[in-house]
Amino acid sequence: MKKFIKVVIIISSIILIFSTNFNGETLNNSNIIANLVVVNNYNKLDKNYVPKNLVKVNIPFIDSISEEEEQLEENVALQLEKLVKMASSEGINYLGTSGYRSYKSQKEIYYNRVKSQGLKKANEYVAKPGTSEHQTGLCIDLTNEDRWFVEVTKEAKWLKENAHKFGFILRYPKGKEDITGKKFEPWHIRYVGEDIAKYIYENNLTLEEYVDENKN
Ligand SMILES: [Zn+2]
């Protein structure tokens, strides 16, 4: 009997997890608003959504990266190259770990994690397919030469203070976990354009708060 209850609980939680993430229509090539699109657990990207102008980014990457993940939307790639070059001139060196990820890749990553660590751990650490911002081609994860990109490192500090000058924001800031639905990620930057990035930086906002403030 106990076993039966356990099975019922597991099945109903799976149904709940997969049914609560939809907020009407999914975002696709025809309804997406470039640069300001919000992708999270409540705003999903269509499985066929692919950014229009993906290009290979000309910065150093970690060795294990796939060719797909070395790409970003063209303008974002240019801005990131400028950021990395400026940082390097100040003695701060970045490596890219993951840029664009297709729906298919995200699906593989997610299900592999479910298989290896179970649903709970997978949901904690990996975005479900369609809910990862990496599918937009507007964001990238960076690391440093030590592959230890935590808040106190000079690379994380530089990124926090300078990313906006190139149009990027820290997408998952500390203390805003309840708004973004994500743990603090000092390595994940998202392109929104210089003016908006500056505003978000100066007012200590998240993208969700900015978009909410500027509705209509
Ligand atoms: Zn990321």
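Residues numbered from 1 in each chain as written. Predicted model: local features only at pLDDT ≥ 70, side-chain atom pairs only at ≥ 80, totals over all residues. Heavy atoms only, no water.

A.B. asks: Would you explain the side chain of Asn162 in this entry?
C.D. replies: Among the structural elements, Asn162 can be located in helix α5 (residues 154–162). A distance of 2.6 Å separates polar atoms of two side chains, one belonging to Asn162 and the other to Lys165. (Helix = DSSP H or I, 4+ residues; strand = E, 2+ residues; numbered from the N terminus. Polar contact = N/O pair within 3.5 Å; in protein donor to acceptor, adjacent residues only side chain to side chain.)

A.B. asks: Teacher, can you tell me more about α5 here?
C.D. replies: Residues of α5 that are buried: Glu155, Ala156, Trp158, Leu159 and Asn162. Take α5 and look down its axis: the buried residues cluster within an arc of 160°, on one side only. Residues of α5 that are buried in the fold lie against α2 (74–89), β4 (139–143), β5 (168–172) and β6 (185–191). (Buried < 20%, exposed > 50% of the residue type's maximum accessible area, 1.4 Å probe, protein only. Arc of directions from axis to C-beta. Contact = heavy atoms within 4.5 Å.)

A.B. asks: What should I look at first to understand the pairing of β6 in this one?
C.D. replies: Within a regular beta strand, the side chains point alternately toward one face of the sheet and then the other, so they alternate between its two faces. Among the seven residues that make up β6, six are buried, leaving the element largely enclosed by the rest of the structure. In this structure, β4 lies alongside β6, joined through three bridges in antiparallel fashion. When the bridges of β6 are listed, Asp141 appears paired with His188. Two strands pair when backbone bridges link them, and β5 and β6 are joined in this way by four bridges, in the antiparallel orientation. Residue pairing in the sheet places Ile169 in a bridge with Arg190 of β6. (Pairing = 2+ DSSP bridges.)

A.B. asks: Mind showing me how you'd approach the side chain of Glu73 here?
C.D. replies: Among the secondary structure elements, Glu73 is positioned in strand β2 (residues 71–73). The buried charged residue Glu73 lacks any salt bridge partner; its closest oppositely charged side chain belongs to Lys52, at an N-O distance of 8.9 Å. If near-sequence neighbours (up to four positions away) are discounted, Glu73 is found in contact with Asn53, Leu54, Gly137 and Leu138. (Lys, Arg positive; Asp, Glu negative; His and termini not counted. Salt bridge = Lys/Arg side-chain N within 4 Å of Asp/Glu carboxyl O.)

A.B. asks: Would you mind showing me how to read the coordination of the zinc ion here?
C.D. replies: Geometrically, a metal with four donors at the corners of a regular tetrahedron has ideal angles of 109.5 degrees, and one with six donors at the corners of a regular octahedron has ideal angles of 90 or 180 degrees. Coordination of the zinc ion by the protein comes from His134 (NE2), Asp141 (OD), Asp141 (OD) and His188 (ND1), over a distance range of 2.1 to 2.8 Å. Between consecutive donors of the zinc ion, the numbers of intervening residues give the motif H-x6-D-x46-H. With a relative accessible area of 4%, His134 lands in the buried category. (Donors = N, O, S within 2.8 Å, 3.2 Å for Na, K, Ca; no water.)

A.B. asks: Just checking my understanding: could you explain α2 for this structure?
C.D. replies: Each turn of an α-helix holds 3.6 residues, which means side chains three or four residues apart point in the same direction. In this model, α2 (16 residues) spans 23 Å end to end at C-alpha, consistent with the 22 Å of a helix rising 1.5 Å per residue. Regarding α2, the residues found buried are Val76, Ala77, Gln79, Leu80, Leu83, Val84 and Ala87. Down the axis of α2, the smallest arc covering the buried residues is 165°, so these residues share one side. In α2, the exposed residues that point more than 90 degrees away from the buried face are Lys85 and Ser89. Gly91 lies just past α2 and shows a positive phi near 85°. (Expected span 1.5 Å × (residues − 1).)

A.B. asks: What am I meant to see in the packing of aromatic side chains here?
C.D. replies: Note on aromatic pairs: each is described by the distance of the centres and the angle between the planes. This model, assessed by the stated rule, comprises five aromatic pairs. With centroids separated by 5.4 Å and ring planes inclined at 75°, the aromatic side chains of Phe168 and Tyr191 adopt a geometry described as edge-to-face. Linking Phe168 in strand β5 with Tyr191 in strand β6, this pair joins segments that are 23 residues apart in sequence. As far as burial versus exposure is concerned, Phe168 and Tyr191 are alike and both buried. By way of ring pairs, the aromatic residues Tyr94, Phe149 and Trp158 are connected into one cluster. The ring of Tyr172 has Lys182 sitting right over it, with the charged end atom 5.3 Å from the ring centre. (Phe/Tyr/Trp six-rings, centres within 6.5 Å; stacked < 30°, edge-to-face > 60°. Lys NZ or Arg CZ within 6 Å of the ring centre and 35° of its normal.)

A.B. asks: Looking at this structure, I do not really get the nonpolar core. What am I missing?
C.D. replies: A general trend in soluble globular proteins is that nonpolar side chains are found buried together. Of all hydrophobic cores here, the largest spans 33 residues; its most connected members are Leu80, Leu83, Tyr94, Leu159, Phe168 and Ile189. A total of six residues in this core trace back to one element, the largest contributor, which is α2. Dropping the residues within four chain positions of it, Ile189 is found in contact with Leu80, Leu83, Leu138, Cys139, Ile140, Leu142, Leu159, Ala163, Phe168, Ile169 and Leu170. Core analysis: the second largest hydrophobic core is formed by nine residues, Val38, Val192, Ile196 and Tyr210 among them. (Core = buried A, V, L, I, M, F, W, Y, C linked by side-chain atoms within 4.5 Å.)

A.B. asks: Would you take a moment to explain the pattern of salt bridges for this structure?
C.D. replies: Should the charged atoms of two oppositely charged side chains come close, the side chains can pair. Evaluation of the coordinates by the stated rule reveals twelve salt bridges. The partner of Arg171 in a salt bridge is Glu133, with the nearest N and O atoms 2.7 Å apart. Of the two residues, Arg171 is situated in strand β5 and Glu133 in the loop between α4 (119–125) and β4; the sequence distance between them amounts to 38 residues. Asp212 serves as the salt-bridge partner of Lys215, at 3.0 Å between the closest nitrogen and oxygen. In this structure Asp212 comes out as partly exposed when scored by relative accessible area, which is 48%. Overlapping salt bridges bring together Glu133, Arg171, Arg190 and Glu208 as one network.

Purely geometric numbers; function is a separate question.
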